[in-house]
Each structure stands twice: as C-alpha cells, then as structure tokens.
Amino acid sequence: MSDLVAVWEISLPDGKHVIKFEHGTTSGKRVITVNGKEILRRDWMFKLVGAETFKVGKANCKINIDACSGFMYEYTLDVNGKSLQKFSDNQSKIMKTWVLTIDNIPTRVVLEKDTLDIWVNGAKKETTGEFTDEGTETHFDFGTKSAYIKAVSSGKRREGIVHSLVVDNLEIPEAKE
C-alpha cells in the first residue's frame, strides 16, 4: 500500500523533475523519489513532523512536514531556500525554454539568462558568441541543424532583452513551463 501524500514538479536547466513523497503516518516511514528513482528512505521514525533535505541536480530541496489538526499533515517543498511558488516564479524570469521536435525526437532547449548557459535535453552545450548589428547570436551544436539564440533589445526598458531560438533559419516559439 502506498503512502503517497505529495507530488511536485520543478523545472531546472537540465530538465523537468518530478518529486514524490510518501509519508506513513502510523509507521513514520518517509520515502522521496525523484523521476521515479528512490533517493531517500527512512523507516520507523517516531517523530512524524520535521523536514527532509535532498538535492535535485544542483538545487537544494527541503520537504517540510507540519501538523495541521489531529492526525492531518501539511507538506510543502522549498527549493534553494524559497517556496516552490517563489522558486518557479524566479525560474521563469531567469530561464527561457523552447520545446520542439528534431528528427522525430522531442527536444527541450533552455537558456539560463543569468549565466548565458544553453542546455539541450539536459546537456550543457558549448557555445560561440557573435555580435551582430541587432544584438548578439549565441551559436551551439544541434545535431545536423544550425542553431543559435538571438538576443536583441526590445527598445523598452521594462522588457529588456528579447531572446529567440533560431533553428535552420526558423524562429521557434517559446514554451510556457
């Protein structure tokens, strides 16, 4: 019998990760799985509330277990010291994501705007920067296709720089994660 009490999904540069948490409220058992792989198991814990810390990639995660009323519990996930909501909001500001199919293979391209690192299907790519009349182009290997991320000024202070993925001279629309 499964004691699954919470499931969360977080987006990191190396991909999306699904975190599942099992909590046996009679035995105190705690099990954390990330992407289907068990990363922590504690059996027969007498303290039913508290926290469990673990890593997903480079992100520090913490599951908080708090008593609500009676034998009811509340489970929250913190990522890098922030609530999941604040972390996700921040990630959407510092990451641009594109999802496309290349040679019948679903492909996820991520630009980390704070480091300018480019990730393709979870692998960090080597890049070459080039200045153009409009802004910059960051070229990277993409199998047999030519690909680059174009960065140009929006001309509006609030919007800042606009990033676009171009594959074989076609602009790819940004994905909403």
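For the structure itself, look to the data block above.
Residues numbered from 1 in each chain as written. Predicted model: local features only at pLDDT ≥ 70, side-chain atom pairs only at ≥ 80, totals over all residues. Heavy atoms only, no water.

J.: Got a minute to help me understand the nonpolar core in this structure?
T.: One broad trend across soluble globular proteins is that nonpolar side chains are buried collectively. Grouped together as the largest cluster of nonpolar side chains are 22 residues, with contacts concentrated most on Trp-8, Ile-10, Ile-19, Phe-54, Ile-63 and Leu-77. Setting aside anything within four residues of it in sequence, one finds Ile-19 in contact with Ala-6, Val-7, Trp-8, Ile-10, Ile-32, Thr-33, Val-34, Phe-54, Val-56, Ile-63 and Leu-77. Membership of the second largest hydrophobic core comes to 14 residues, among which are Leu-100, Ile-118, Phe-142 and Val-167. (Core = buried A, V, L, I, M, F, W, Y, C linked by side-chain atoms within 4.5 Å. Buried < 20%, exposed > 50% of the residue type's maximum accessible area, 1.4 Å probe, protein only. Contact = heavy atoms within 4.5 Å.)

J.: I keep staring at the pattern of salt bridges and nothing clicks. Help me out?
T.: Between side chains of opposite charge, a pair can form when the charged atoms approach closely. Taken as a whole, this structure holds 10 salt bridges when the rule is applied. For Lys-29, the salt bridge is made with Glu-22, and the minimal N-O distance between the two is 3.4 Å. Just as Lys-29 is buried, Glu-22 falls in that class too. Arg-41 is paired through a salt bridge with Asp-43; the nearest N and O atoms lie 3.8 Å apart. The class of Arg-41 is partly exposed, set by a relative accessible area of 42%. Given the relative accessible area of 43%, Asp-43 is considered partly exposed. Among the ionic contacts, a cluster of salt bridges with common partners joins Asp-3, Glu-22 and Lys-29. (Salt bridge = Lys/Arg side-chain N within 4 Å of Asp/Glu carboxyl O.)

J.: Honestly, the pairing of strand 15 (residues 145-153) in this entry has me stumped. Any pointers?
T.: Regular strands place their side chains on alternate faces of the sheet. Summarising the sheet, strand 14 (residues 135-142) and strand 15 pair through eight bridges and their orientation is antiparallel. Paired with His-139 across the bridge in strand 15 is Tyr-148. Here strand 14 hands over to strand 15 after two residues, with Gly-143 in that stretch at a positive phi of 65 degrees. In the sheet, strand 15 pairs with strand 16 (residues 161-167) via seven bridges, with the strands oriented antiparallel. Pairing of Lys-150 across the sheet is with Ser-164, part of strand 16. (Pairing = 2+ DSSP bridges. Helix = DSSP H or I, 4+ residues; strand = E, 2+ residues; numbered from the N terminus.)

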